[in-house]
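The lines below spell out each chain.
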Amino acid sequence: MRGRRGPAVVGALLCAALATAGCGLGPGAGVGDVQVTATQEFGAVPVLEESVGANESDTVMRVLEGEADVETRYGGGFVHSIDGIAEGSHDGDPYDWFFYVDGVESPIGAAEYDLEGGERVWWDYRNWGAVNHVPAVVGSWPAPFGDGIGGEKHPVVLECLEARGSLRTGGDRKEPRNCEMTREALEREGVRVASDAPDDAIRVLVGPWARVKWDSAAALIEAGPAESGVFADFQPGVRPLSPDGRQRTNAEAVYELLALDEAGKVGRDLGPGAGLVAATSRYGGLPVWVVTGGSAAGVRMAAESLDAEHLRDHYAVAVTDGKATPLPLGER
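Undergrad: Before we go on, may I ask you to explain the overall build of the protein chain in this structure?
TA: The helix and strand tally for the protein chain stands at seven helices and 19 strands. The 332 residues of the protein chain split such that 49% are buried. If you take every contact in the protein chain between residues at least 6 apart in sequence, the share linking residues at least 24 apart comes to 60%. Carbon together with sulfur atoms contributes 49% to the accessible area of the protein chain, which is approximately 15700 Å² in total.

This is the structure:
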């Protein structure tokens, strides 16, 4: 008995002597600031916005509890309420808190999500009756491109679908202007766009919907927000003749951008000149961003809106005449 207790006693004394160095006690060393945001109604109503110095033992839950009055359930693993705003039903619709780390919906609970420093954590209280899973959002820009997702960096690949075929930046051909603007927006945030396409890359698709729609991840948008998490849709518009008088092909067709409400119903037809900036994910993979529109003019609108002013705290945005409309549509 004595021999078995000896190492434990020595370990305890050693741990006490080294407590300032961690040894499993205390918060541990600092890892950097974490941006913590809380909103309601798909980002429309601000609740909390703080920059918090995180330590190596911190989780998403622990940091939130340090900045807000939080009630939890299921043994402290899930948030029930933040500052008195609790999960429940409103007008027959279910409401709850969801959180995103660097623009990606977390697959695990807040108490299990360890922080590495530099993350952008966004909590949103919303109606989930029609759509309970939104895999990725654009409102944490420039995340996930800069510091990665939860501290894990990924290459960023720009796929230009404006011309025939796919052109990735770094090739020998000159990229079209909308792709160039998208790359410049990323580079302003310190993001280096990769010239190849590794499997662990975050992809950014740029081009009119007639071409972008053929990507397997982007195609989820046409399946509805319950599949893609994007509250937007496209419908074929008129197909005028091309400038040289020939009939346009399917890849050159013009589409009209439809803005959807939180129930997934069409709220507004924004026409072919509107742009869309949105993010989705296929089979739980890395987010895929789309910078698109019903026409080339719409793509330009989308590319010009890649900044915090247009994207901050929005799930996705439709852009008309330089003005961003948050999606889904709501009483904002």
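Undergrad: Hey, could you run me through the sheet that holds strand S3 (residues 70-73) in this one?
TA: Pairing between sheet strands relies on hydrogen bonds along the backbone, with the strands arranged either parallel or antiparallel. Pairing in this open sheet of three strands is antiparallel, and the strands run S3-S4-S5 from one edge to the other. The open sheet has two edge strands with one neighbour each: S3 and strand S5 (85-86). Those strands touched by helix H2 (residues 60-67) are S3 and strand S4 (78-82), and its axis lies near 145° from that of S3.

Undergrad: Help me out: how do you make sense of the side chain of His80 in this one?
TA: If you trace the backbone, His80 turns up in strand S4. Among all residues touching His80, those that are not within four sequence positions of it are Glu71, Thr72, Arg73, Ile85, Ala86, Glu87 and Trp97.

Undergrad: Would you mind showing me how to read the pairing of strand S15 (residues 266-271) here?
TA: Regular strands place side chains that alternate from one sheet face to the opposite one. Taken together, the four bridges between strand S14 (residues 255-260) and S15 define a ladder with antiparallel strand orientation. Paired with Leu260 across the bridge in S15 is Val266. Turn length for the S14-S15 hairpin, with the two strands adjacent in sequence and antiparallel, is five residues, and the turn residue Gly264 shows positive phi of about 85°.

Undergrad: How should I be thinking about the packing of aromatic side chains in this particular structure?
TA: Working definition: an aromatic ring pair is given by the centre-to-centre distance plus the angle between the planes. According to the stated counting rule, one finds 14 aromatic pairs in the structure shown. Measuring from centroid to centroid gives 5.5 Å for Phe42 and Phe231, while their planes differ by 75°, and the two rings are edge-to-face. Taken as a pair, Phe42 in the loop between strand S1 (30-40) and strand S2 (45-55) and Phe231 in the loop between helix H5 (225-228) and strand S13 (232-236) lie far apart in primary sequence, 189 residues in all. The pair formed by Phe42 and Phe231 is uniform in burial state, with each residue classed as buried. Clustering of aromatic rings is evident, with ring pairs tying together Phe42, Tyr100, Trp122, Phe231 and Tyr315. Just above the ring of Phe98 sits the side chain of Arg126; from NZ or CZ to the centre is 4.1 Å. The aromatic ring of Trp214 is capped on one face by Lys213, whose charged end is 5.3 Å from the ring centroid.

Undergrad: I keep staring at the pairing of S3 and nothing clicks. Help me out?
TA: As paired strands, S3 and S4 are joined by four bridges and run antiparallel to one another. Bridging across to S4, Glu71 finds its partner in Ser81. The loop that links S3 with its antiparallel partner S4 comprises four residues; one of these, Tyr74, has a positive phi angle of about 55°.

Undergrad: Even after reading the chapter, I still don't get the sheet that holds S15, so can you show me in this structure?
TA: Overall, antiparallel pairing links the three strands, which are arranged S13-S14-S15 in an open sheet. Looking at which strands have only one partner, the edges of the open sheet turn out to be S13 and S15. On average, each strand axis in the sheet is tilted by 30° relative to the strand beside it, whichever way the strands run. For S13 and S14, the ladder comprises five bridges, and the chain directions are antiparallel. Paired with Pro236 across the strands is Tyr255, a residue of S14.

Undergrad: Would you take a moment to explain the pattern of salt bridges for this structure?
TA: Two side chains of opposite charge can pair, provided their charged atoms sit close to one another. Counting across every chain of the model gives nine salt bridges. Between Arg203 and Glu159 there is a salt bridge whose closest N-O contact spans 3.5 Å. Highlighted residues: Arg203 in strand S12 (residues 202-206) and Glu159 in strand S10 (residues 156-160), separated in sequence by 44 residues. Asp313 is the partner of Arg312 in a salt bridge, and the nearest nitrogen-oxygen pair spans 3.6 Å. For Arg312, a relative accessible area of 23% puts it in the partly exposed group. Among the ionic contacts, a cluster of salt bridges with common partners joins Glu49, Arg312 and Asp313.

Undergrad: Sorry, what's going on with the nonpolar core here?
TA: Formed by 56 residues in total, the largest nonpolar core has its most connected members in Val60, Leu64, Trp123, Phe145 and Trp289. In this view, Phe145 contacts Val156, Leu186, Val191, Ile202, Val204 and Trp289; residues no more than four positions away in its chain are not counted. Within the second largest apolar cluster, 35 residues are counted, among which are Val134, Leu161, Trp209 and Ile221.

Undergrad: Quick question: what am I supposed to make of unusual backbone geometry here?
TA: Phi is mostly negative for residues that are not glycine, and the peptide bonds are mostly trans. Of note, the bond from Ala143 into Pro144 is cis; its omega dihedral lies within 30 degrees of zero at 10°. With respect to the element layout, Pro144 can be found in the loop between strand S9 (120-127) and S10. Note the cis peptide between Leu327 and Pro328, where omega equals 5°. Inspection of the secondary structure assignment puts Pro328 in the segment after strand S19 (323-327). Located in the positive-phi region is Tyr74, a residue other than glycine, with phi close to 55°. In this fold, Tyr74 is placed in the loop between S3 and S4. Not every positive phi belongs to a glycine, and Asp313 is a case in point at roughly 60°.

Criteria and cut-off values
- Residues numbered from 1 in each chain as written.
- Predicted model: local features only at pLDDT ≥ 70, side-chain atom pairs only at ≥ 80, totals over all residues.
- Heavy atoms only, no water.
- Helix = DSSP H or I, 4+ residues; strand = E, 2+ residues; numbered from the N terminus.
- Buried < 20%, exposed > 50% of the residue type's maximum accessible area, 1.4 Å probe, protein only.
- Contact = heavy atoms within 4.5 Å.
- Areas by Shrake-Rupley, 256 points an atom, 1.4 Å probe, with all protein chains shown as cover.
- Pairing = 2+ DSSP bridges.
- Axes fitted to C-alpha atoms, helices over the stretch in contact; angles between N-to-C directions.
- Phe/Tyr/Trp six-rings, centres within 6.5 Å; stacked < 30°, edge-to-face > 60°.
- Lys NZ or Arg CZ within 6 Å of the ring centre and 35° of its normal.
- Salt bridge = Lys/Arg side-chain N within 4 Å of Asp/Glu carboxyl O.
- Core = buried A, V, L, I, M, F, W, Y, C linked by side-chain atoms within 4.5 Å.

So far we have only geometry, and geometry alone does not tell us how the molecule works.
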